[in-house]
Amino acid sequence: MSPLPPARLLAALTARFQREFGGARPRLFFAPGRINLVGAHLDYNGGDVLPMAVDRGIYAAARLRDDGRLRLCSLDQELVVDVDAAAIGSRTRPEWGWAGYPLGVWHGFQQRTGIARGVDITFAGDLPMASGLSSSAAIEVVTAIALDALHGTRLDRQQLALVAHRAETGFVGVRCGIMDQFASALGRAGQVLLLRCAGPRWEHVPFDPEACEVLVMDTRKPRHLAKSGFNERVAQCANAHELLRAHVRDLPHLASYTLDELEQSRDAMDEVLFRRARHVVTEMARTALAVAALRRHDYATLGAQLDASHRSTAVDFAVSCDELDVITEAARGCDGVFGARLTGAGFGGCAIALVRSGASQAVAERAGAVFAERFGTAPSFDLLRVGNGPGEVA
Ligand code: GLA
């Protein structure tokens, strides 16, 4: 992918906004996408995750209206939604497509603040859509940031992240955890976010771009199963948690149990639930090791946690696929690669490799060739940097 540089993207976005809606210049906003270094499928289990906001995301051009209409469009898609705010309801509709995310945020913002004024918004992105880099969280967070700024409501970043999260769970109906919206809303240049989802509590941990970089490897395999498969994993984890509460002890989150406690409940659980729970409790330990390694700049140990995380998400959590397995394995075989794993929910889309700075080009060539030979299609590669958090673009 070679996205437009931000200045050109913003010019195109403003032009599209004015063509669609006319009138005065809109204000411009940005929210980043994210990758998650380690802590796969832990957020909705009350665990610890280690995401970082990236230097790509979603831009929004927005202007308040004097009536109660909501009009949404995007730079590169056909769909234009024009709906009366009074008719929004509490759930998205199929004909709204991607616009369900910003409409859900508008609905949540209105519930939180009582403000029901309409708005015109045009969106554009420089992040691959629907491939595991959280374009949906970025569109939610940029909408929340825009509404907050246009109305001067001064909600803090956590409140905006929660409005964004509720749009996805309540309005759109994906039972995701809080990681993506928090990673986007709380992003900081040069830092990764250690997010303890049980609180939630968080701290920022420096990430040294001179020492290593994150290569995103997009298999371009569509994530058809992502929504149903994701919700199924959430349900399986909830079932495993119920059994542990009944048979071992009553803890508030699945991620809080130890491997020993899980072993004690083995007879009470079928094999599938046991494996799902084993991924969760072992992934907690990997996140702890990864954070400690990151703090002491030990990228070999950090990378080993990514490799182990990939194996566990593939074998115990069953959310990988041949394409993700092959591309991560190919990357691991290259010089300068500390570790590799799928990112996001899995089921296709992107993987990441943690690479010694400067070595990514060679890794992309080698892993791309192995992948192309096996599947007959070319993956795409992107070197992403730890990005800034969201905000208004001057
Ligand atoms: C998706 C969800 C997140 C998280 C990840 C898996 O990205 O939106 O909440 O559960 O999958 O770690």
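First, a word on scope: everything that follows refers to the structure included in this document. Quantities reported herein were computed from a predicted structural model and do not represent experimental measurements. (Residues numbered from 1 in each chain as written. Predicted model: local features only at pLDDT ≥ 70, side-chain atom pairs only at ≥ 80, totals over all residues. Heavy atoms only, no water.)

This part is about the site of the ligand. The environment of the ligand is formed by R34, A40, H41, D43, Y44, C176, G177, M179, D180, F230, G344 and A345. With respect to the ligand, the side chain of R34 contributes an N or O atom lying 3.0 Å from an oxygen atom. A distance of 2.5 Å separates an oxygen atom of the ligand from a polar atom in the side chain of D43. About the coverage of the ligand: the protein hides 93% of its 300 Å² of free accessible area. Here the shell around the ligand gathers at least three residues from each of two domains, domain 1 (6–208) and domain 2 (212–384). (Near = heavy atom within 4 Å. Polar contact = N/O pair within 3.5 Å; in protein donor to acceptor, adjacent residues only side chain to side chain. Areas by Shrake-Rupley, 256 points an atom, 1.4 Å probe, with all protein chains shown as cover. Domains from an automatic or database assignment.)

This structure, assessed with the given rule, holds 27 salt bridges. We note a salt bridge from R374 to D322, for which the minimum N-O separation is 3.8 Å. Here D322 lies in helix α10 (residues 322–332) and R374 lies in helix α11 (residues 360–375), a separation of 52 residues in the sequence. A relative accessible area of 45% means that D322 is categorised as partly exposed. If you follow the salt bridges from partner to partner, you end up with R63, R65, D67, R71 and D120 in one network. (Salt bridge = Lys/Arg side-chain N within 4 Å of Asp/Glu carboxyl O. Helix = DSSP H or I, 4+ residues; strand = E, 2+ residues; numbered from the N terminus. Buried < 20%, exposed > 50% of the residue type's maximum accessible area, 1.4 Å probe, protein only.)

Two elements in contact, helix α9 (residues 299–315) and α10, have axes separated by 12 Å at closest approach and are oriented at 160°. Accordingly, the angle class assigned to the pair α9 and α10 is roughly antiparallel. When you trace α9 past α10, the crossing you get is left-handed. Mapping the contact onto sequence places D307, H310 and A314 in α9 and L324, D325, T328 and R332 in α10. Partitioning the contact of α9 with α10 into residue classes produces 2 nonpolar, 2 polar and 3 charged. (Axes fitted to C-alpha atoms, helices over the stretch in contact; angles between N-to-C directions. Parallel < 35°, antiparallel > 145°, perpendicular 65-115°, else oblique. Left-handed = near helix turned anticlockwise from the far one by under 90°. Contact = heavy atoms within 4.5 Å. Nonpolar A, V, L, I, M, F, W, Y, C, P; charged D, E, K, R; others polar.)

With 16 residues, α11 should cover 22 Å at 1.5 Å per step; its first-to-last C-alpha distance of 22 Å lies within 8% of that length. Among the residues of α11, those classed as buried are S360, V363, A364, A367, G368 and F371. Here the buried residues of α11 occupy an arc of 120° about the axis, which is enough to place them on one side. More than 90 degrees from the buried face of α11, the exposed residues found are Q361, A362, E365 and E373. Residues of α11 that are buried in the fold lie against β9 (212–218), α10, β10 (337–342), β11 (350–356) and β12 (380–384). Trailing α11 by a residue or two, G376 shows a phi angle of about 75°, which is positive. (Expected span 1.5 Å × (residues − 1). Arc of directions from axis to C-beta.)

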